[in-house]
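Observations on chain architecture
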Amino acid sequence: MSDGPEQGREKRSGVIIRAIVDFGGWSEERRVRNLSEHGACIDDAGDLSVGQQIRVTMGRLEGMVARVMWTRDKLAGLQFDKAIDLQEARAPRGAGQVKSGWMTDINHAYRKRS
């Protein structure tokens, strides 16, 4: 494991994304500060530790397994177990097809239009 954020990682893009981090029976929203296909830097309230396995949900991606690689200055570096789709990670949560309610038929071919 590296002891700092710059050692042994690919270049990341600066982002402002909200993610849900699940760890030790807790689930909290955190800010993602930068992102790549294999890792991210997130805000850390001091409750994450190096080597800890967590699950991350951001955009349309749910429950991605990640390992905390480093922590420093209220930040934590994560490495995902599998490469992620950056477009799906950046997509607004809940974006996409509506699955319930009156909106499901909004574009139905036989819906009465005014």
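Check the entry above for the structure.
Given the structure is predicted, the values throughout are model-derived calculations rather than measurements.

Some thoughts on the pairing of strand β1 (residues 13-23)
Pairing of β1 with strand β2 (residues 26-35), which is carried by nine bridges, proceeds in the antiparallel orientation. Each bridged residue has a counterpart across the sheet, and for Ile17 the counterpart in β2 is Val32. Between the end of β1 and the start of β2, which pair antiparallel, lie two residues, with Gly24 showing a positive phi angle near 50°. Two strands pair when backbone bridges link them, and β1 and strand β4 (residues 53-58) are joined in this way by four bridges, in the antiparallel orientation. Within β4, the residue paired with Ile20 across the bridge is Thr57.

Concerning the sheet that holds strand β5 (residues 61-72)
Pairing is antiparallel around the closed barrel formed by six strands, whose spatial order is β1-β2-β3-β6-β5-β4. Going across the sheet, the axis of each strand differs from the next one's by a mean of 45°, ignoring polarity.

Topic: the pattern of salt bridges
The tally for this structure, following the rule as stated, stands at six salt bridges. In this structure, the salt-bridge partner of Arg30 is Asp47, at a minimum N-O distance of 2.8 Å. On the criterion of sequence distance, the pair formed by Arg30 in strand β2 and Asp47 in the loop between β3 (39-43) and β4 is long-range, its members being 17 residues apart. Across the pair Arg33 and Asp43 runs a salt bridge, and its minimum N-O distance is 2.5 Å. Placement of Arg33 in strand β2 and of Asp43 in strand β3 is noted, with a sequence separation of 10 residues between them. Each of Glu28, Arg30, Asp44 and Asp47 takes part in one network of salt bridges that share partners.

Analysis parameters
Residues numbered from 1 in each chain as written. Predicted model: local features only at pLDDT ≥ 70, side-chain atom pairs only at ≥ 80, totals over all residues. Heavy atoms only, no water. Pairing = 2+ DSSP bridges. Helix = DSSP H or I, 4+ residues; strand = E, 2+ residues; numbered from the N terminus. Axes fitted to C-alpha atoms, helices over the stretch in contact; angles between N-to-C directions. Salt bridge = Lys/Arg side-chain N within 4 Å of Asp/Glu carboxyl O.

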